[in-house]
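# Observations on the three-dimensional arrangement
The lines below spell out each chain.
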Amino acid sequence: MHVPVLTGAPRRVTSEPTTMPTSSELLATAAKRLYPNYKPAAIVFARGKGCELFDVEGRRWLDLCAGVAVCSVGHAHPRLVKTIAEQAARLMHVSNYFYNEENILLADELCTKSGMARAMFCNSGAEANEALFKLARRHHFAKGDSRTKIIAFHNAFHGRTMGALSMTGTPKYREGFGAVEGVVHVAYGDLDAVKAQMGSDVAAIIVEPVQGEGGVLPPPAGFLPGLRALCNEHGALLLMDEVQTGIGRLGRWFGFQDTGATPDAISLAKGLGGGFPVGAMLTTEALAGALPPGTHGSTFGGNPLASATARTVLSILDDESLVSGAKQKGEKLSAMLAALAKELPSVCEGERGEGLLRGLVLKQGFVVRDILPKLAEAGVLLTAAGERVLRFSPPLVVTEAELAEGVAAVRKVLSGLAK
Ligand SMILES: *Cc1c(COP(=O)(O)O)cnc(C)c1O
């Protein structure tokens, strides 16, 4: 097989390089040994650089999904690699029985950027949303007001742990698991439906500033401020799940910014660690007493390695102007996708999104999940958001040329489906 010149780091070398397994050998082992709760494409990646990924045989793909909006500074960013290596050599973990320098500084940086007052750390989006869930109930409990009702939205995605899953708005994901009681779901964007559920029993509303998994769906104008007003009126908390929208993805540091709605607390994960698992909950000062010592925690949360990594991600985003860049490049991508939708009206309905979280909406009857393998064959990695939205969530370091390359491949594949 032809092996192209590699720009990524070389494949890990063992003492006997000749015994390194091939893709097909690895896939055979995967089929036998990996728990089959996923259905991955038959590609085994071994290295990456920027927006490029290479499989174990050295074949190249353009990565415009970034591990679902995770690899914000691209693969193998030299500064991130250096931080992780140096921090690992210095100090990885001490537990939350002690402070660590990197974690304190990260909390300060996140609060400064968001205008929030307090940060609590964990390792994933679901965990960050579990923290929001517990924060909301415990806040009211601490005031002697045992409200438990949580309003969430249809098609919302908040994660797979039981609390987060209970707030997730896709029945299929919840089926067979039961649910934490007290969560209701209403239509995203429908303020009247929310109003009908409001009352003195509501602990919180949880909302994504743009629905990600649900189909890259921005809220209608006035929706988020409307939720804020309802929460104020009824003494409920407004929680925003910024796991996908936060850390520059929408062309601003946090999705809630510029919406006219300030949340009481937000969750973060995905882009925060640039690929390293780290999650966080940020809250206002008014909520600092809601989870006193002993009520919540995470063994790994906020460890020096994760914290140093996240600090470097924030610093790269700042130094390379990647947040404003996401806005500019997002507009370019939006224009390219709008043109493509216009060109292929029998396949595409249109495009939507904000910053570098964009969706090409396909016509009823098309199933994006079935088209992804063709796109991968054409050398481009994308993901589905909902049934018929092709999601672009590239690394924020993506270039316009790479976006154009990706859209050209999509054009080619979708043209083949057009009548
Ligand atoms: C991905 C995602 C989650 C879940 O994050 P995990 O790290 O997989 O637990 C939660 N909320 C939103 C909005 C997400 O996009």
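Not measured: the values here are computed from a predicted model. (Residues numbered from 1 in each chain as written. Predicted model: local features only at pLDDT ≥ 70, side-chain atom pairs only at ≥ 80, totals over all residues. Heavy atoms only, no water.)

### Looking at the sheet that holds strand β15 (residues 389–392)
To keep things clear, this is the line we draw: Only strands joined by at least two bridges in the DSSP assignment are considered to pair. Counting from the N terminus, the helices are DSSP H or I runs at least four residues long and the strands are E runs at least two residues long.
Spatially, β11-β12-β15-β14 is the arrangement adopted by the four strands of the open sheet, whose pairing is antiparallel. With partners counted over all chains shown, the strands left at the sheet margins are β11 (348–354) and β14 (383–384), one partner each. One ladder, built from six bridges, connects β11 with strand β12 (residues 357–362); its direction is antiparallel. Each residue of the ladder has a partner; that of R352, found in β12, is G359.

### Some thoughts on the site of the ligand
Short version of the rule: Near is defined per residue: the residue qualifies when any heavy atom it owns lies within 4 Å of the molecule or strand. Each polar contact in these results corresponds to two N or O atoms within 3.5 Å; when the atoms are within protein, one needs to be able to donate a hydrogen and the other to accept it, and residues that are neighboring in sequence are counted only if both atoms are side-chain atoms. Accessible areas in this description were obtained via Shrake-Rupley with a 1.4 Å probe; residue shielding takes into account the shown protein chains only. Charged residues are taken to be Asp, Glu, Lys and Arg, nonpolar residues to be Ala, Val, Leu, Ile, Met, Phe, Trp, Tyr, Cys and Pro, and polar residues to be all remaining types, Gly included.
Every residue lining the ligand is accounted for by S124, G125, A126, N129, F157, H158, G159, E208, D241, V243, Q244 and K270. A distance of 2.8 Å is found between an oxygen atom of the ligand and a backbone nitrogen or oxygen belonging to G125. D241 is positioned such that a nitrogen or oxygen atom in its side chain is 2.7 Å from a nitrogen atom of the ligand. Against a free-state accessible area of 380 Å², the protein chains account for coverage of 81% of the ligand. With three residues, helix α5 (residues 125–142) is the largest single contributor of residues to the shell around the ligand. Considered class by class, the residues forming the shell around the ligand number three nonpolar, six polar and three charged.

### Comments concerning the nonpolar core
Among soluble globular proteins, nonpolar side chains are generally buried collectively. Worth spelling out the cut-off: Only buried residues count toward a nonpolar core, which is a set of Ala, Val, Leu, Ile, Met, Phe, Trp, Tyr and Cys residues joined through side-chain atoms within 4.5 Å. Partly exposed residues are those whose accessible area sits between 20% and 50% of the maximum for their type, while under 20% is buried and over 50% is exposed, using a 1.4 Å probe and protein chains only. All the domain ranges listed were derived from an automatic or database domain assignment. Contact criterion: two residues are considered in contact whenever any of their non-hydrogen atoms come within 4.5 Å of each other.
Of all hydrophobic cores here, the largest spans 75 residues; its most connected members are L110, F153, V194, L360 and F392. At seven residues, helix α11 (residues 322–343) tops the list of elements feeding residues into this core. When we break this core down by domain, the ones giving at least three residues each are domain 1 (80–319) and domain 2 (321–419). Look past the residues within four positions of V194 in its chain and what remains in contact with it is I151, F153, V186, I205, F223, L227 and L230. Core analysis: the next-biggest nonpolar cluster, separate from the first, contains 21 residues, L132, V183, L287 and A290 among them.

### Examining the sheet that holds strand β4 (residues 118–122)
Here is the rule we go by: Geometry is summarised by axes, namely lines fitted to C-alpha atoms with helices restricted to the contacting stretch, and by angles between N-to-C directions that run from 0 to 180 degrees.
Reading across from one edge, β4-β10-β9-β8-β7-β5-β6 is the order of the seven strands in this open sheet, with mixed pairing throughout. Looking at which strands have only one partner, the edges of the open sheet turn out to be β4 and β6 (183–186). For this sheet, the mean angle separating the axes of adjacent strands, direction not counted, is 20°. Note: β4 against strand β10 (residues 279–283), five bridges, orientation antiparallel. Residue F121 lies in a different strand from β10, and its bridge partner there is A280. Docked against the sheet, helix α4 (residues 101–114) engages β4, β9 (265–268) and β10, running at close to 125° with respect to β4.

### Comments concerning the packing of aromatic side chains
Remark: the centre distance and the inter-plane angle together describe each pair of aromatic rings, the angle taken between the planes. Our working definition: Working definition: a ring pair exists when centres of Phe, Tyr or Trp rings (six-membered ring for Trp) sit within 6.5 Å. Plane angles under 30 degrees give stacked, over 60 give edge-to-face, the rest tilted.
For the structure on display, the rule yields six aromatic pairs. Ring geometry for F45 against W61: centres 5.4 Å apart, planes inclined by 90°, an arrangement best described as edge-to-face. Here the residue F45 occupies a position in strand β1 (residues 45–49), and W61 occupies one in strand β3 (residues 60–63), the gap between them amounting to 16 residues. By relative accessible area, which is 2% here, W61 ends up buried. Residues F254 and F256 carry aromatic rings whose centres are separated by 6.2 Å and whose planes lie at 25° to one another, so their mutual orientation is stacked.

### Notes on the domain arrangement of the protein
What counts here: Buried area, as used here, totals the accessible surface that two parts lose on assembly, with accessibility defined by a 1.4 Å probe and the loss added over both. What counts as a salt bridge is simple: a side-chain nitrogen of Lys or Arg found within 4 Å of a carboxyl oxygen of Asp or Glu.
The domains assigned to the protein are domain 1 (80–319) and domain 2 (321–419). Each partner contributes residues to the interface: domain 1 has 21 residues there, and domain 2 has 20 residues. If you sort the residues of domain 1 by the area they bury against domain 2, V216, R249 and L317 come out on top, with a joint share of 39%. In this assembly, domain 1 and domain 2 are joined by two salt bridges.

### Observations concerning unusual backbone geometry
Of note, A69 is a non-glycine position whose phi angle comes to about 60°, a positive value. When you line up the elements, A69 lands in helix α2 (residues 66–69). With a phi angle near 55°, A76 is a residue other than glycine that sits in the positive phi range. Looking at where A76 falls in the secondary structure, it is placed in the loop between α2 and α3 (78–90).

### As for the side chain of E242
Stated formally: Charge counting treats Lys and Arg as positive and Asp and Glu as negative, with His and both chain ends excluded.
Relative to the helices and strands, E242 resides in the loop between β8 (237–241) and β9. Buried and without a salt bridge, E242 has R252 as its closest oppositely charged side chain, separated by 7.0 Å. If we ignore the near neighbours within four places in the chain, the residues touching E242 are P209, F254, G255, F256, I266, S267 and L268.

### Some words on the packing of helix α12 (residues 368–377) against helix α13 (residues 400–415)
For clarity, the threshold we go by: We call two directions roughly parallel when the angle between them is under 35 degrees, roughly antiparallel when it is over 145, roughly perpendicular when it lies between 65 and 115, and oblique otherwise. Note on convention: near helix rotated counterclockwise from far helix by under a right angle means a left-handed crossing. Clockwise means right-handed.
One way to put it is that α12 packs onto α13 with a least axis distance of 10 Å and a crossing angle of 120°. Between α12 and α13, the interaxial angle falls into the category oblique. The hand of the α12/α13 crossing is right-handed. For the pair α12 and α13, contact is made by I371, K374 and L375 and by A409, V410, V413 and L414, respectively. Considered class by class, the residues forming the contact of α12 with α13 number six nonpolar, no polar and one charged.

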